[in-house]
Amino acid sequence: MKKYAPDAILSLGDRDYYFKSLLLQFIPHEINILQVGAIEDNRRAWRHFSGWSDIFFASYISIFGGRIDVVDFNKEHLDNSKKVLDDFDIEYELHLSEAGEYISNTKRNYDIVYLDGSNDPNETKAQYDNLNKKPVSVILIDDYHIKGTEMKEGPDCKIQEIPLFEGKSSMGIITNPRIYQDWFSEKDLNRINSIRDEI
């Protein structure tokens, strides 16, 4: 029996609505996701505050395809993410590494990047700067009021800060308007119809 998949339906966390709303806009495309920061604690008492973005990314990928890479320097946290991701029949890989080192060395391209690692805003900014942003449509930064204070807008970097937990926290959504629009210039109707037939 699937233990964690129902959490994607019940929306027990404050971030859930935004994860869902973002992912729904990419239907029916396959997407590749980089997630910095694994699950600290897989007890449901932590669900509301910890986020568990893994279950939403995995739910999307299980239907529409793609993959997720999760990076964390803490093996226990990666083990928690593994327990959740094993609930889904998807392609994923866990990386025991400092996020900055992984980002600097990876050759993979990502469509969505979720930065939820260190609370050091300079470290988050360095991760952002070292990221190959050419293929990336959306970058999410959790606890943006702490981690995102060094981020600056530019021609290819539009930032929206969304309040969470009654304004006590926030999530930053950074989009590259040019790449983001390319996703939605033409819908793949054949693919969406075939997926509906499978379902």
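Before reading further, recall that the structure is shown in the block above.
Residues numbered from 1 in each chain as written. Predicted model: local features only at pLDDT ≥ 70, side-chain atom pairs only at ≥ 80, totals over all residues. Heavy atoms only, no water.

### So, the overall build of the chain
Counted only if it meets this: Helix numbering and strand numbering both begin at the N terminus, where a helix is a DSSP run of H or I of at least 4 residues and a strand a DSSP run of E of at least 2. Three labels apply to residues, based on accessible area from a 1.4 Å probe with only protein chains included: buried if under 20% of the type maximum, exposed if over 50%, partly exposed otherwise in between. Each accessible area value is a Shrake-Rupley result obtained with a 1.4 Å probe; residue values ignore everything except the protein chains displayed when judging cover.
Secondary structure summary: the chain contains 10 helices and seven strands in total. Residue burial in the chain is summarised as follows: out of 199 residues, 50% are buried. Carbon and sulfur atoms make up 49% of the accessible area of the chain, which totals about 10300 Å².

### Considerations on the packing of helix 2 (residues 16–24) against helix 4 (residues 53–64)
Quick note on the threshold: To obtain an axis, a line is fitted to C-alpha atoms, over the contacting stretch when the element is a helix, and the angle between two such axes runs from 0 to 180 degrees between their N-to-C directions. What sets the label is the angle itself: under 35 degrees gives roughly parallel, over 145 gives roughly antiparallel, 65 to 115 gives roughly perpendicular, and the rest give oblique. If you view the pair so one helix is near and one far, a crossing is left-handed when the near helix is turned anticlockwise from the far one by less than a right angle, and right-handed when it is turned clockwise. Should any heavy atoms of two residues lie within 4.5 Å, those residues are considered in contact.
Two elements in contact, helix 2 and helix 4, have axes separated by 10 Å at closest approach and are oriented at 25 degrees. Taken as axis vectors, helix 2 and helix 4 run roughly parallel relative to one another. As helix 2 packs across helix 4, the resulting crossing turns out to be right-handed. Within the contact between the two elements, helix 2 uses Asp-16, Phe-19, Lys-20 and Leu-23 and helix 4 uses Ser-53, Phe-56, Phe-57 and Tyr-60.

### What to know about the layout of surface pockets
How we decide: A cavity here means a set of points on a 1 Å grid, drawn over the protein atoms and nothing else, where a 1.4 Å probe fits but cannot get out; a pocket is an open set with protein on both sides within 12 Å along at least five of seven lines, and a residue lines either one if it has an atom within 4 Å of a point. Grid points are joined across faces, edges and corners, and a volume is the space filled by probe spheres set on the points. Only Asp, Glu, Lys and Arg are considered charged, only Ala, Val, Leu, Ile, Met, Phe, Trp, Tyr, Cys and Pro nonpolar, and every remaining residue, Gly among them, polar.
Computed from the structure, the largest pocket encloses a volume of approximately 430 Å³. In this structure, the largest pocket is lined by 31 residues; those nearest its centre are Gly-37, Ala-38, Asp-72, Asp-116 and Gly-117. For the lining of the largest pocket, a count of residues per class yields nine nonpolar, 12 polar and 10 charged.

### Describing the packing of helix 4 against helix 5 (residues 75–85)
Running from amino to carboxyl end, helix 4 crosses helix 5 at an angle of 40 degrees, the nearest separation of the two axes being 10 Å. In the crossing of helix 4 with helix 5, the sense of the turn from one axis to the other is right-handed. Between helix 4 and helix 5, the residues in contact are Asp-54, Ile-55 and Ala-58 and Ser-81, Val-84 and Leu-85, respectively. Considering only residue class, the contact of helix 4 with helix 5 consists of four nonpolar, one polar and one charged.

### Overview of the packing of aromatic side chains
Put simply, the rule is: We call Phe, Tyr and Trp rings a pair once their centres come within 6.5 Å, taking the six-membered ring for Trp, and we label the pair stacked below 30 degrees between planes, edge-to-face above 60, and tilted otherwise.
Overall, the coordinates contain six aromatic pairs when judged by the stated rule. The interplanar angle of 65 degrees and the centroid separation of 5.8 Å between the aromatic rings of Phe-19 and Phe-57 together place this pair among those described as edge-to-face. Residue Phe-19 is located in helix 2, and its partner Phe-57 is located in helix 4; the two are separated by 38 residues in the primary sequence. Exposure remark for Phe-57: the relative accessible area of 0% places this residue in the buried category. Between Phe-19 and Tyr-114, the ring centres sit 5.5 Å apart and the planes meet at 85 degrees, which makes this aromatic pair edge-to-face. Of the two residues, Phe-19 sits in helix 2 while Tyr-114 sits in strand 4 (residues 112–115), which places them 95 residues apart along the sequence. There is no split in this pair, since Phe-19 and Tyr-114 are both buried.

### Things to note about unusual backbone geometry
Most of the time, phi is negative for any residue but glycine, and the peptide bond is trans. In this structure, Pro-28 follows Ile-27 across a cis peptide bond, with omega equal to 10 degrees. With respect to the helices and strands, the residue Pro-28 is situated in the loop between helix 2 and strand 1 (31–36). For Asp-143, which is not a glycine, the phi torsion comes out positive at approximately 50 degrees. Residue placement: Asp-143 occurs in the loop between strand 5 (138–142) and helix 8 (144–147). Overall, the relative accessible area of 18% leaves Asp-143 in the buried class.

### Observations regarding the pairing of strand 3 (residues 91–96)
Threshold: Two strands pair if DSSP finds at least two bridges between them. For the handedness criterion, the strands are oriented away from the viewer, and a crossover whose path from the first strand over the helix to the second runs clockwise is classed as right-handed.
Two elements, strand 2 (residues 66–72) and strand 3, share six bridges in a ladder whose sense is parallel. From the neighbouring strand, Val-70 faces strand 3, where its bridge partner is Leu-94. On the question of chirality, the crossover connecting strand 2 to the parallel strand 3 by way of helix 5 is right-handed.

Shape descriptors only; they carry no functional weight alone.
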